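Structure at a glance
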Amino acid sequence: MTCIIGVRFKEVGKIYYFDPDGKKLKKGDYVIVETSRGIECGEVAMANREVSDKSISYPLKKLIRIADENDIKKMNDNKAKEARAFEICTQKIKAHQLKMKLVNVEYTFDNNKILFYFTADGRVDFRELVKDLAYIFKTRIELRQIGVRDEAKMLGGLGICGRPFCCNSFLGEFQPVSIKMAKEQGMSLNPVKISGTCGRLMCCLKYEQEAYSDLLKKTPKIGAIVDTPDGKGTVEDMNLITGKLSVSLNKSPDAALRTYNVSEVKLIKDAQIRVDKSEFEKLKKLEK
């Protein structure tokens, strides 16, 4: 077991592990640590705790120091600089007539580098833009092209549920979401109904997937052959939540469907839930 602290560098960002170097820290403290980007000031999101050695990527970098008032002031000053840098970069993008949209700007804590995050439909030749920015700011410049999910996380907004975006509110990292999840949850494969404001599959499809997967193990799927109190039949419809099945009986195929509870039928041969090729081709861009 190893003692660690979890540090976050963005309000709703990924948590990184560091060695507290014998110091006792609490959630909300600010600390100075070394990262792949250089020296950074971050907020403790996870106080001292013991974790398994297997869950840590070594070497674990040590805490440099607890942030003081000057460090906090510097971090706030950087935020003011970021607003100015955003304005200047936007003007330069327009001047160079580049087909790109600036989303966010970040200064590293030591001002050794400025990162400009942007979106674009394809590749962008921004070499001249980098030269201009380097001349103005006299430091290292890095431009990073991001996807629409990352843009939504950075900018925030309201989802179709009326609540702030999950990615901007509490999701530290994006979880993989697939079209099959929507299919298994019985949702209409209508892009408008299963995609978020970012135009990709809604993150919330992931939340209840484990429960749906568990129910699917116990519930005959559409197309399954079952034995009912009234004879054998084929499942034509199902409701995973209520456990109700609509069955077409073999002895009277033209009659109205009979409704049974899952507990009333015996599975003879189950079916599979699949997303057919035409559906997948139509919706695959929502997974990206």
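You'll find the structure just up there.
Since the structure is predicted, the reported quantities are computational estimates derived from the model, not experimental observations.

1. Some thoughts on the environment of Met 154
- Tracing the backbone through its elements, the reader meets Met 154 in helix H3 (residues 148-155).
- Distance from Met 154 to Glu 11, taken between C-alpha atoms, is 9.7 Å for residues 143 residues apart in sequence.
- When residues no more than four places from it in sequence are discounted, the contact partners of Met 154 are Lys 10, Val 103, Asn 104, Tyr 117, Ile 146 and Asn 168.

2. Digging into the packing of aromatic side chains
- The final tally for this structure, using the stated rule, is five aromatic pairs.
- Note on Phe 116 and Phe 137: the rings are 6.4 Å apart at their centroids and 45° apart in plane angle, and the pair reads as tilted. Note that Phe 116 is positioned in strand E7 (residues 113-119) and Phe 137 in helix H2 (residues 127-137), a separation of 21 residues in sequence. Both residues of the pair, Phe 116 and Phe 137, belong to the buried class.
- Ring centres of Phe 118 and Phe 126 lie 5.8 Å apart, and the angle between their planes is 75°; on these two criteria the pair is classed as edge-to-face.
- Judged by its relative accessible area of 1%, Phe 118 is buried.
- One residue, Lys 153, lies across the ring of Phe 174, its end atom 5.9 Å from the ring centre.

3. Here's the deal with H3
- The complete set of buried residues in H3 reads Arg 149, Glu 151, Ala 152 and Lys 153.
- Each element contacted by the buried residues of H3 is listed here: strand E6 (101-107), E7 and helix H4 (166-169).
- Downstream of H3 by a residue or two, Gly 156 has a phi angle that is positive, lying close to 75°.

4. Overview of the nonpolar core
- The biggest cluster of nonpolar side chains holds 18 residues, and the ones touching the most others in it are Met 100, Phe 116, Leu 133, Phe 137 and Leu 143.
- Those elements giving two or more residues to this core turn out to be helix H1 (69-95), E6, E7, H2 and strand E8 (140-145).
- Here the element with the most residues in this core is H1; it accounts for four residues.
- Leave out the neighbours within four places in its chain, and Phe 137 touches Arg 84, Ala 85, Ile 88, Tyr 107, Ile 114 and Phe 116.
- Grouped together as the second largest cluster of nonpolar side chains are 13 residues, Tyr 212, Val 247, Leu 249 and Tyr 260 included.

5. Topic: the pattern of salt bridges
- Per the counting criterion, the structure on display carries 17 salt bridges.
- Across the salt bridge formed by Arg 65 and Asp 71, the nearest N and O atoms sit 2.8 Å from each other.
- Note on Arg 65: relative accessible area 35%, which makes it partly exposed.
- Here the residues in one salt-bridge network are Lys 10, Arg 37, Glu 40 and Glu 106, joined through shared partners.

6. Things to note about the sheet that holds strand E3 (residues 30-35)
- Spatial ordering of the open sheet is given by E2-E1-E4-E3-E5, a layout of five strands whose pairing is antiparallel. Looking along the sheet, the strands with just one partner apiece sit at the ends: strand E2 (15-18) and strand E5 (63-66). With strand direction ignored, the average angle separating the axes of adjacent strands in the sheet is 45°.
- Here E3 pairs with strand E4 (residues 38-51) via six bridges, running antiparallel. Looking at the pairing, Tyr 30 lines up with Glu 43 of E4.
- Its contacts with the sheet place H1 against E3, E4 and E5, and it is angled at close to 70° to E3.

Rules of the game
Residues numbered from 1 in each chain as written. Predicted model: local features only at pLDDT ≥ 70, side-chain atom pairs only at ≥ 80, totals over all residues. Heavy atoms only, no water. Helix = DSSP H or I, 4+ residues; strand = E, 2+ residues; numbered from the N terminus. Contact = heavy atoms within 4.5 Å. Phe/Tyr/Trp six-rings, centres within 6.5 Å; stacked < 30°, edge-to-face > 60°. Buried < 20%, exposed > 50% of the residue type's maximum accessible area, 1.4 Å probe, protein only. Lys NZ or Arg CZ within 6 Å of the ring centre and 35° of its normal. Core = buried A, V, L, I, M, F, W, Y, C linked by side-chain atoms within 4.5 Å. Salt bridge = Lys/Arg side-chain N within 4 Å of Asp/Glu carboxyl O. Pairing = 2+ DSSP bridges. Axes fitted to C-alpha atoms, helices over the stretch in contact; angles between N-to-C directions.

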